[in-house]
Amino acid sequence: MDRFNDAEIFVTLREINSLVNENSSVKRNIRFLYALRDDMFVNTDRTKFFEFIIPVIPIINTSNSIDMILHQGRRLELDDRLDRQFLREVSRYLNDLRLIQNIFNEFAIYVTNLETDGENLLDANKLLAILIYKNVYPRDFERLHRGTGILAEILNLQEELIETGETTYRREIAKLEKQLEIAEQQVPSDLRELRQIYAMALIEKLPANHDSVSVDRRNWIKLSKLSSHDELELFISATRLSSRNDYYNNESQIDVSTLQNEVDSQRTYHQRMTEIENGATDNKNKSLREIHELRSKLAVIRTTKLDELLRLNTNHAHGLFEKFGENGELARFLVLEGYLDDTYYQYTSLFHSGRLSPNDNKFLIQIRAFVTPEPLFPIDNPKEVIAAMRDEDFRQSYVLNIKLVDSLLSGESNYTDQTKKLFEFLSNEFETCEEFFDVYYTSGRNILALLSGLLDYWKGFIPAVISSPNNIVHVSQLVASLQESKLKMLAKDFDGVPKFVSEKLPEILVNVPELEPERLLCLNFEVKDLNSIKEHSEIARFMFEQGLFELTIANIEYVFEVILGEKNLESLRTRNYTTIRSASNAVLKTRVERDFDSYLRDILLCLQDNLEEDASAILAVIRHDNLDQVDLQGFLERQITKLPTLESVPERLYALLFQLYKIEPAWDSCLTFMEIDEFDAEIFIGYLDRDDVRHKILECPIPSEPDFFQLRKFLFEAGALSDEAYRGYVCALPNQFEMPSIGIESTKLRILIEERKIIFTPESLAEIDDERELQVLFVAMNIDIFLDSPDEFELDDDLLADLLKFEIKPSAKLKIIEMMDLEAIIDLPERAALIGPILNGIDATISNLNGDVVHSLILNTMPLASQISLFNKYHSFMTDEEVRQVLANLPGPYCDIKTGYFSPRLKNNDENMNLVKWLDSRKIISSWSESGLFSNDIKVNLYRRLSENVI
């Protein structure tokens, strides 16, 4: 090199570049010069070579190197291609002007030679970094071409770091999947424990020897199977249950209305069950998100740049950078900032179409050795690799490379045959291709083309996807990628897809969190649990607004709390339908109405405290057609509110409302019920027999209009009512009826008679001639009518005698006695004992008496005072002898009033005074006198002989 001097070399760099482009021989000479330079010099010494070309003043340090670098950029007109920040930072490591000048001179030449097609495709900053590396570390640069040297070692770390990262990510994924598996096993365990708690609390309320329980007394459940029974919640939420001992068949009614409050005063069974399920769902979604993030990292780790990998693993390359010696910091900067990486070959050799990169060659070498590279194996020129591959390669796992598949599916070239072979392989080896799909979903660019192609080529694609262990990932991509028209067709042709999306929506959204809500609409499914997708509020709201959510207690509470902004949910638990109807949200109302039968079954009947629906809501419920009768009855039974009238109520439900006492007592409603074809008299009787109904309805008089005759007649003939209720209704009847033509029990007939609700006629009386007691009562209650025309009734003395036992007017009794054959009482002492007191208590007298009749009346009447009174009243109907016979039959001292030598003494009272007076007047006694000083008795003086009396 000493033979060259400044005078001999005067060609400028710009001229050299021009010559290079115009003359190939010059080009070869320039290459020779550069090669010679690199062989002869290292580090800054070699820059003296360029002094023969451009002399410079070698005064530079790190403080002003940036100015020199910027000057070189301007000199070569490169300012617009280089990053000013990169130049500023790299200048700190360059302090030799000749070195800087040489680097930029080479930069201009490299740009001219590498970008021969006129397109600035290369990164100018990376090219400058390569040339800095080439000029600062020329020996290592030469080794790099042979795959050796320090930089080659650092570049080779990329595969090791990738494998380490993949191992770490897979380990974390496996750990989370194991936790998910354990958690999914725990949820059934927690629910089973919860069911056992409530089942045991219920069992504790039952009699000790009972072994079965029932809600409806038809379906009985063994206590040993209660905790695992599908309808356990129905037993828990009931107010009363039936229990029995199957062996003895003895049954009891148990009040379980406080069961849930006793177990947990703050939450119902359903709320606790929901909390367990929601907690499990939240934890599951969190784990799924972590798994999704790890899978995403795993999928892209092979595309992660070397600088990123090294920054994450700084300890791996620390010793290698030290091998560069005192300039190691420059190499560290260039590598860790991403300016030196595995793309160096693009900046160190001439570019031409059709070339293969080292990665491309490596890929082809591996598949020719029957080794399948990883799906993310870096291929730089996929079109050239495809051209170099054999036809049979596309039916093997070799084709499962992200870049290759992207290129096959890009549509830019005609790869129809190769693509068909790809789909053939994927369909035949679907289970073994799961890793490829997982990676492609994350890193591939033509997911839509891949899925659409498989759908068209392979009819079994969807069934295979649904049964795949990675079905959530596959379906997530289908939902996120397919055209909406294909999604609709998919939902139509494969009903398993909407069902799967509905069940796995939270997991799907974890995989595709940015999913457009409108795409879900194409699948026409309902969200099972809105709360489970609460983190995707836009989708939750969209699905709600479309009415695409299942009717559950949890979903409705979510709608009120999150979407409608209602904080107090108590009304939803006590009057759910009323609250929904009053909410100003047409979507929710429409959704409820669309599946009202399931709403009734799964919500209204499952809410234990839903007892306070208002009348309009109850009416709206019962106006729904085709509801299960058992469900409807269960709903109505629990409601406190009653319907005011039957207006707008379907006739088919009249009987049920009356049976359950869910209609306010009113005469109009009763008549309306009676007028329908399905009228059930037994149910109506049961309704009227309730005390609360009777008390309420009798506050208003029974209408007397002709239209209500049917109702009045029913009440009149309602013998099935309890006696108390029957009397109440009969008493309220405004009119009398003829004797009932239907059979009616004696107690009810007695009530009718006592309340004077039967028209009294000889005919009506004759209809109960076999009911002697009632006949007597009937006459007694209508005594005035009878006495006005007694001959029309032709009553015998026995019945008349029974009439005398009733509390009727004395005058009526006197008339009855006058109708009787009093001669008969001579042989009927009981009748005489009945008539005697009656006659004794009446001032009037009767004419159809004689001595024997009076004698019988006196002797059979009690007490003695009454006998004396009758004796005084009716002695005129008797002869003296008959009088003496009566006296003889009376107790003493009256029996002593006869003939003899002693003087009987009577108590001095009015009756005895009357007695002695008329006895004296009739000469039955000699005389009488009131005693003197020591006694006030009446002294009766007798005739000594009977003949004295006559004289």
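Values in this document were obtained by computation on a predicted structure and should not be read as measured data.

Here is what the cut-offs are and how they apply
- Residues numbered from 1 in each chain as written.
- Predicted model: local features only at pLDDT ≥ 70, side-chain atom pairs only at ≥ 80, totals over all residues.
- Heavy atoms only, no water.
- Helix = DSSP H or I, 4+ residues; strand = E, 2+ residues; numbered from the N terminus.
- Contact = heavy atoms within 4.5 Å.
- Areas by Shrake-Rupley, 256 points an atom, 1.4 Å probe, with all protein chains shown as cover.
- Buried < 20%, exposed > 50% of the residue type's maximum accessible area, 1.4 Å probe, protein only.
- Axes fitted to C-alpha atoms, helices over the stretch in contact; angles between N-to-C directions.
- Parallel < 35°, antiparallel > 145°, perpendicular 65-115°, else oblique.
- Nonpolar A, V, L, I, M, F, W, Y, C, P; charged D, E, K, R; others polar.
- Phe/Tyr/Trp six-rings, centres within 6.5 Å; stacked < 30°, edge-to-face > 60°.
- Lys NZ or Arg CZ within 6 Å of the ring centre and 35° of its normal.
- Pairing = 2+ DSSP bridges.
- Polar contact = N/O pair within 3.5 Å; in protein donor to acceptor, adjacent residues only side chain to side chain.
- Left-handed = near helix turned anticlockwise from the far one by under 90°.
- Salt bridge = Lys/Arg side-chain N within 4 Å of Asp/Glu carboxyl O.
- 1 Å grid on protein atoms, 1.4 Å probe; cavity = no way out; pocket = protein on both sides within 12 Å on 5 of 7 lines; lining within 4 Å.
- Points joined across faces, edges and corners; volume = space filled by probe spheres on them.
- Patch = residues over 30% accessible without salt bridge, like charges linked within 9 Å, V, L, I, M, F, W, Y side chains within 5 Å.
- Lys, Arg positive; Asp, Glu negative; His and termini not counted.
- Charge placed at Lys NZ, Arg CZ, Asp CG, Glu CD.
- Expected span 1.5 Å × (residues − 1).
- pLDDT = per-residue confidence, 0-100.

S.K.: Quick one: what's the story with the overall build of the chain, residue by residue and with numbers?
M.R.: Each helix and strand counted, the chain has 51 helices and 7 strands in total. Pairs at least 24 residues apart make up 65% of the contacts formed inside the chain by residues separated by at least 6 positions. Put simply, the chain shows about 47300 Å² of open surface, and 48% of that area lies on carbon and sulfur atoms.

S.K.: Can you explain unusual backbone geometry? Please cite residues and give values.
M.R.: A cis amide bond links Met862 with the next residue in sequence, Pro863, at an omega value of 0 degrees. Position of Pro863 among the secondary structure elements: in the loop between helix H47 (851-860) and helix H48 (864-874). The omega angle of the peptide bond from Gly892 to Pro893 is 5 degrees, so this bond is cis rather than trans. Relative to the elements of secondary structure, Pro893 occurs in the loop between helix H49 (880-889) and strand E5 (905-906).

S.K.: Pulling in residues and values, what's your account of helix H32 (residues 615-622)?
M.R.: Those residues of H32 that sit buried are Ala617, Ile618, Ala620, Val621 and Ile622. Residues of H32 that are buried in the fold lie against helix H29 (576-582), helix H31 (596-604), helix H33 (629-638) and helix H34 (654-659).

S.K.: Before we move on, can you summarise the packing of helix H20 (residues 447-457) against helix H22 (residues 471-481) with the specific residues and values?
M.R.: Where H20 meets H22, the closest approach of the two axes is 10 Å, and the angle between their N-to-C directions is 105 degrees. Taken together, the axis directions place H20 and H22 in an arrangement best described as roughly perpendicular. Where H20 abuts H22, its residues Ile447, Leu448, Leu451 and Leu455 lie against Gln477, Leu478 and Ser481. Of the residues in the contact of H20 with H22, the class split is 5 nonpolar, 2 polar and no charged.

S.K.: Give me the lowdown on the environment of Asp691, citing residues and values where you can.
M.R.: Note on placement: Asp691 falls in helix H37 (residues 691-697). Spatially, the C-alpha atoms of Asp691 and Ala725 are 7.5 Å apart, while their sequence positions differ by 34 residues.

S.K.: Just give me the short version of the packing of aromatic side chains, but keep the residues and values in it.
M.R.: According to the stated counting rule, one finds 36 aromatic pairs in the structure shown. Of note, Arg244 hangs over the ring of Trp220, and the distance from its end group to the ring centre comes to 4.1 Å. Stacked on the ring of Tyr577, the Lys or Arg Arg581 has its end atom at 5.6 Å from the ring centre.

S.K.: I'd like a description of the sheet that holds strand E1 (residues 212-214), backed by residues and values.
M.R.: The sheet built from 4 strands is open, its strands ordered E2-E1-E3-E4 with antiparallel pairing. On the outer flanks of this sheet lie strand E2 (221-222) and strand E4 (250-255), each paired with one strand and no other. When E1 meets strand E3 (residues 240-245), the two strands line up antiparallel, connected through 3 bridges. In the strand pairing of E3, Ser214 is matched with Ser242.

S.K.: Run through the side chain of Asn872, naming residues and quoting values.
M.R.: Counting through the fold element by element, Asn872 comes out in helix H48. A distance of 2.8 Å separates polar atoms of two side chains, one belonging to Asn872 and the other to Trp918. Setting aside anything within four residues of it in sequence, one finds Asn872 in contact with Glu911, Asn914, Leu915 and Trp918.

S.K.: Help me get a handle on the packing of helix H17 (residues 402-409) against helix H18 (residues 416-428), residues and values and all.
M.R.: In contact at an axis separation of 9 Å, H17 and H18 are set at 125 degrees when each is read in the N-to-C sense. The angle between H17 and H18 places the two elements in the oblique class. Crossing hand, H17 versus H18: left-handed. Mapping the contact onto sequence places Val405, Leu408 and Leu409 in H17 and Gln418, Thr419, Leu422 and Phe423 in H18. Of the residues contributing to the contact of H17 with H18, the split by class is 5 nonpolar, 2 polar and no charged.

S.K.: Before we move on, can you summarise the pattern of salt bridges with the specific residues and values?
M.R.: Once the charged atoms of two side chains with opposite charge are near each other, the side chains can pair. Using the criterion set out here, one finds 31 salt bridges in the structure. In this structure, Lys421 engages Asp417 in a salt bridge whose closest nitrogen and oxygen atoms are separated by 2.3 Å. In this pair, Lys421 and Asp417 both sit in helix H18, 4 residues apart, roughly one turn of the helix. In this structure, the salt-bridge partner of Lys805 is Asp802, at a minimum N-O distance of 3.4 Å. Of the residues examined, Lys805 reaches a relative accessible area of 59% and is grouped as exposed.

S.K.: Kindly report on the sheet that holds strand E6 (residues 927-930), identifying the contributing residues and their values.
M.R.: Spatially, the 3 strands line up as an open sheet ordered E5-E7-E6, and their pairing is antiparallel. Only two strands of the sheet have a single partner each, and these edge strands are E5 and E6. Here 2 bridges tie E5 to strand E7 (residues 938-941), and the two strands are oriented antiparallel to one another. For Arg905, the partnering residue across the bridge sits in E7 and is Lys939.

S.K.: Give me empty space enclosed by the protein: which residues, what numbers.
M.R.: Evaluation of the coordinates by the stated rule reveals 3 cavities of 30 Å³ or more. In this model, the largest cavity occupies a volume close to 140 Å³. What lines the largest cavity is a set of 14 residues, and nearest its centre among them are Thr268, His270, Cys606, Leu607 and Gln608. Sorting the residues of the lining of the largest cavity by element identifies helix H9 (232-237), helix H11 (269-300) and helix H27 (553-563) as the ones contributing at least two each. Examining the composition of the lining of the largest cavity, we find that 3 residues originate from one element, H11, more than from any other.

S.K.: Mind laying out the environment of Ser921, listing which residues take part and the relevant values?
M.R.: The topology assignment puts Ser921 in helix H50 (residues 910-921). A distance of 2.8 Å separates a polar side-chain atom of Ser921 from the backbone oxygen of Trp918.

S.K.: Any chance you could break down a negative patch on the surface for me, citing the residues and the numbers?
M.R.: A contiguous patch of negative charge, built from Glu738, Glu763, Glu767, Asp791, Glu792 and Glu794, is present on the exposed surface. The topology assignment puts Glu763 in helix H41 (residues 762-766). Note on Glu763: relative accessible area 53%, which makes it exposed.

S.K.: How would you summarise the environment of Tyr874 if you had to cite specific residues and measurements?
M.R.: The topology assignment puts Tyr874 in helix H48. Each C-alpha atom, one on Tyr874 and one on Leu857, is 9.7 Å from the other, the two residues being 17 residues apart in sequence. With sequence-adjacent residues up to four places away left out, Tyr874 is seen in contact with Leu839, Ala844, Thr845, Ile846, Leu849 and Val854.

S.K.: I'd love a proper account of helix H6 (residues 124-136), names of residues and values included.
M.R.: Compared with an ideal rise of 1.5 Å per residue, which puts 13 residues at 18 Å, H6 spans 18 Å between its outermost C-alpha atoms and is within 8% of the ideal. Counting buried residues along H6, 13 of its 13 residues qualify, which places the element largely inside the surrounding structure.

S.K.: Describe the pairing of E7, naming the residues involved and giving the relevant values.
M.R.: Sheet topology places E6 next to E7; 4 bridges connect them, and they run antiparallel. Looking at the pairing, Ser927 lines up with Asn941 of E7.

S.K.: Quick rundown of the side chain of Ser856? Include the residues and the values.
M.R.: Residue placement: Ser856 occurs in helix H47. The exposure class of Ser856 is buried, given its relative accessible area of 7%.

S.K.: Report on the confidence of the model for the chain, specifying residues and quantitative values.
M.R.: Confidence in the prediction for the chain averages 83 pLDDT; 85% of positions are at 70 or higher. Note on residues 1-27: pLDDT under 50 across the span, and 31 contacts to partners over four residues away in sequence or across chains. Considering only residues more than four positions removed or in separate chains, one finds that residues 39-52, a stretch of pLDDT under 50, has 39 contacts.

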